[in-house]
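Each chain, letter by letter, is given below.
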Amino acid sequence: MHSIHWQKSTYSGDSSNCVYIAAAPEGTVHLRESDDPETILTTTPAALGSLIRTLKTSTDPR
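Conventions adopted
- The residue numbering used here restarts from 1 in each chain and proceeds along that chain's sequence as written.
- For this predicted model, a pLDDT threshold of at least 70 governs which residues receive local features, and a threshold of 80 or more governs which side-chain atom pairs are given and counted, while totals over whole chains, interfaces and linings are taken from all residues.
- Processing note: side-chain calculations cover all non-hydrogen atoms of the structure and skip hydrogens and water entirely.
- Numbering of helices and strands runs from the N terminus, with a helix taken as a DSSP run of H or I at least four residues long and a strand as a DSSP run of E at least two residues long.
- Residues count as neighbours in contact if any of their non-hydrogen atoms are within 4.5 Å of one another.
- Here is the rule: rings of Phe, Tyr and Trp (six-membered ring for Trp) pair when centre to centre is within 6.5 Å. Planes less than 30 degrees apart are stacked, more than 60 are edge-to-face, and the remainder are tilted.
- Over a ring means this: the NZ of a Lys or the CZ of an Arg is within 6 Å of the ring centre and within 35 degrees of the ring normal.
- Using only the protein atoms, space was sampled on a 1 Å grid; points where a 1.4 Å probe fits but cannot get out form cavities, open sets with protein on both sides within 12 Å along at least five of seven lines form pockets, and lining residues are those with an atom within 4 Å of a point.
- Grid points are joined across faces, edges and corners, and a volume is the space filled by probe spheres set on the points.
- Nonpolar residues are Ala, Val, Leu, Ile, Met, Phe, Trp, Tyr, Cys and Pro. Charged residues are Asp, Glu, Lys and Arg, and all others, Gly as well, are polar.

**Q** Break down the environment of Ile40 for me, with residues and values.
**A** With respect to the helices, strands and loops of the structure, Ile40 is situated in strand β4 (residues 36-43). Residues Ile40 and His30, 10 residues apart in the sequence, show an inter-C-alpha distance of 6.3 Å. Every residue in contact with Ile40, bar those within four places of it in the chain, is listed here: Trp6, His30, Leu31 and Arg32.

Listed below in structure tokens is the structure:
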């Protein structure tokens, strides 16, 4: 079994509400939030990239 190396997002800063990301050996990407570290989302690099691009270009104030 491979261990996963979690890295804190640079956008989290020093706050206690942090997002962590890890690359899995099988090529997927794992995401978790510091308040609930047992809940892990798994996605592909392409899908995560698409989400990030959409969020960066979104003009919706919500």
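**Q** Explain the packing of aromatic side chains residue by residue, including any values.
**A** All told, the structure shown has zero aromatic pairs when counted by the stated rule. We note Arg32 situated over the ring of Trp6; from NZ or CZ to the ring centre the distance is 4.2 Å. The ring of Tyr20 carries the charged tip of Arg32 above its face, separated from the ring centre by 5.3 Å.

**Q** Any chance you could break down the layout of surface pockets for me, citing the residues and the numbers?
**A** The method is simple in principle: a probe with the dimensions of a water molecule rolls over the atoms, and the space it marks as empty is what remains. Taken as a whole, the largest pocket holds about 280 Å³ of empty space. Gln7, Lys8, Ser9, Thr10, Tyr11, Ser12, Val19, Ile21, Leu31, Leu48, Ile52 and Lys56 together form the lining of the largest pocket. Contributing elements (two or more residues each) for the lining of the largest pocket: β1 (7-8), β2 (19-23) and α1 (45-57). Per element, the largest residue contribution to the lining of the largest pocket is three residues, and it comes from α1. Each residue belonging to the lining of the largest pocket can be placed in one class, and the counts come to six nonpolar, four polar and two charged.

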